[in-house]
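# Geometric and topological summary
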Amino acid sequence: MTAKRLFDLFFVILGLIVLSPLLIFIAIWVKLDSRGTIFFLQTRVGQHGKLFKIIKFRTMSMNNDGLKLTIGEDRRITRSGYFLRKYKLDELPQLFNVLKGDMSLVGPRPEVPEYVAYYPDEIKDMVLSVPVGITDNASIEFRDESELLATSQQPETDYIQKILPIKLAYHQQYVNERTLWLDVGLIFKTLAKVFIR
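Residues numbered from 1 in each chain as written. Predicted model: local features only at pLDDT ≥ 70, side-chain atom pairs only at ≥ 80, totals over all residues. Heavy atoms only, no water.

## Things to note about the overall build of the protein chain
A count of helical and extended segments in the protein chain gives nine helices and four strands. Across the protein chain, helices and strands are ordered from the amino to the carboxyl terminus as α-β-β-α-α-β-α-α-β-α-α-α-α. At 16 Å, the protein chain has a C-alpha radius of gyration in line with the 16 Å of a compact globule built from 197 residues. If one aligns the C-alpha atoms of the protein chain with their principal axes, the spans along those axes are about 45 × 45 × 30 Å. Considering only intrachain contacts with a sequence separation of at least 6, the fraction spanning at least 24 residues in the protein chain is 70%. (Helix = DSSP H or I, 4+ residues; strand = E, 2+ residues; numbered from the N terminus. Rg over C-alpha atoms; globule rule 2.2 N^0.38 Å. Contact = heavy atoms within 4.5 Å.)

Printed below as a string of structure tokens:
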């Protein structure tokens, strides 16, 4: 077991214990707020191209077959969903993904297969050579991604052509520079961005 994996397990188990009352409260809120499941599962691409189901609190109505992206004041978002998304609380169930070994606390943010298909082969091999994560510099930089795309006439095209290349550059930088100290710094940086809201 690597030092990174031990680091993840220690802080995830601690986090789940400390956050368990909040997780239970959010689960009840999501269930009471709208019809449907508590959790939202979506296929993402993990390390070495392995597919897995990422876990989030559901923030959208169940009858949505739209874009893979969420754009601005998306009408599909529930009342609880607006709050959970604003403070990134919908991401908390991904601690279970880390516990399972699908993800790490810090690493390149996993994409859906449809967008991974746009990764240049050489970059894809590099980015997917390490565990994907809950947070990284790209996640911090584009924490308001849906608002950025809200004014776009072609949000999916703009995401693929303008945002995705910047994210991939951040991912490559992380792969080249990764250390446990960098992970700690990114965790604190992420928490700071959330609390500043």
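## Let's talk about the packing of helix α1 (residues 3–33) against helix α2 (residues 79–86)
Contact geometry of α1 with α2 gives a least axis separation of 8 Å together with a crossing angle of 145°. For the pair α1 and α2, the contacting residues are I26, W29, V30 and D33 in the first and R79, S80, F83 and L84 in the second. Considered class by class, the residues forming the contact of α1 with α2 number five nonpolar, one polar and two charged. (Axes fitted to C-alpha atoms, helices over the stretch in contact; angles between N-to-C directions. Nonpolar A, V, L, I, M, F, W, Y, C, P; charged D, E, K, R; others polar.)

## A short note on the environment of A150
Counting through the fold element by element, A150 comes out in helix α7 (residues 145–150). In sequence terms A150 and P120 are 30 residues apart; their C-alpha atoms lie 27 Å from each other.

## Section: the pattern of salt bridges
In the structure shown here, the tally under the stated rule is seven salt bridges. Put simply, D183 and K4 hold a salt bridge, and the shortest N to O gap is 2.5 Å. Of the two residues, D183 sits in helix α9 (residues 180–196) while K4 sits in helix α1, which places them 179 residues apart along the sequence. The same class applies to D183 as to K4, namely buried. (Salt bridge = Lys/Arg side-chain N within 4 Å of Asp/Glu carboxyl O. Buried < 20%, exposed > 50% of the residue type's maximum accessible area, 1.4 Å probe, protein only.)

## Brief notes about the pairing of strand β2 (residues 51–57)
Sheet faces and side chains relate simply in a regular strand, where the side chains alternate between the two faces. Burial analysis of β2 places five of its seven residues in the buried class, the great majority of the element. Bridge analysis of strand β1 (residues 39–45) against β2 gives seven bridges, and the strand direction is antiparallel. For Q42, the partnering residue across the bridge sits in β2 and is I54. Hairpin connection between β1 and β2: a loop of five residues separates the two successive antiparallel strands, and H48 in this loop has a positive phi of roughly 60°. (Pairing = 2+ DSSP bridges.)

## A few points about a nonpolar patch on the surface
On the surface, F10, F11, I13, L14, I17, V18, F96 and L99 cluster together to form a nonpolar patch covering roughly 770 Å² of accessible area. At the level of elements, α1 and α3 (94–100) are the ones that each hand at least two residues to the nonpolar patch. With six residues, the single largest contributor to the nonpolar patch is α1. The exposure class assigned to L99 is partly exposed, which follows from its relative accessible area of 34%. (Patch = residues over 30% accessible without salt bridge, like charges linked within 9 Å, V, L, I, M, F, W, Y side chains within 5 Å. Areas by Shrake-Rupley, 256 points an atom, 1.4 Å probe, with all protein chains shown as cover.)

## Topic: unusual backbone geometry
Phi is positive for H48, which is not a glycine, with a value near 60°. For H48, a relative accessible area of 65% translates into the label exposed. The phi torsion at K88 lies on the positive side, around 60°, for a residue other than glycine. Here K88 lies in the loop between α2 and α3.

## Here's the deal with the nonpolar core
Membership of the largest hydrophobic core comes to 23 residues, with the highest contact counts inside it found for I26, F57, M103 and L105. Those elements that provide at least two residues to this core are α1, β2, α3 and β3 (104–106). Sort the elements by how many residues they give to this core and α1 lands first, with seven residues. Those residues in contact with F57, other than ones at most four positions away along the chain, are L23, I26, A27, V30, I38, F39, F40, L84, L89, D90, L92 and P93. Core analysis: the next-biggest nonpolar cluster, separate from the first, contains 14 residues, V116, L128, I160 and L168 among them. (Core = buried A, V, L, I, M, F, W, Y, C linked by side-chain atoms within 4.5 Å.)

## Considering the packing of aromatic side chains
Per the stated rule, a full pass over the model turns up seven aromatic pairs. Between the aromatic rings of Y115 and Y159, the centroid separation amounts to 5.1 Å while the plane-to-plane angle is 50°, which identifies the pairing as tilted. With Y115 in helix α4 (residues 113–116) and Y159 in helix α8 (residues 155–177), this pair connects stretches of sequence that are 44 residues apart. Under the relative-accessibility criterion, Y115 is labelled buried at 3%. Here the aromatic residues F25, W29, F83 and Y87 are joined through ring pairs into a cluster of three or more. (Phe/Tyr/Trp six-rings, centres within 6.5 Å; stacked < 30°, edge-to-face > 60°.)

Function cannot be inferred from these measures alone, as they are strictly geometric.
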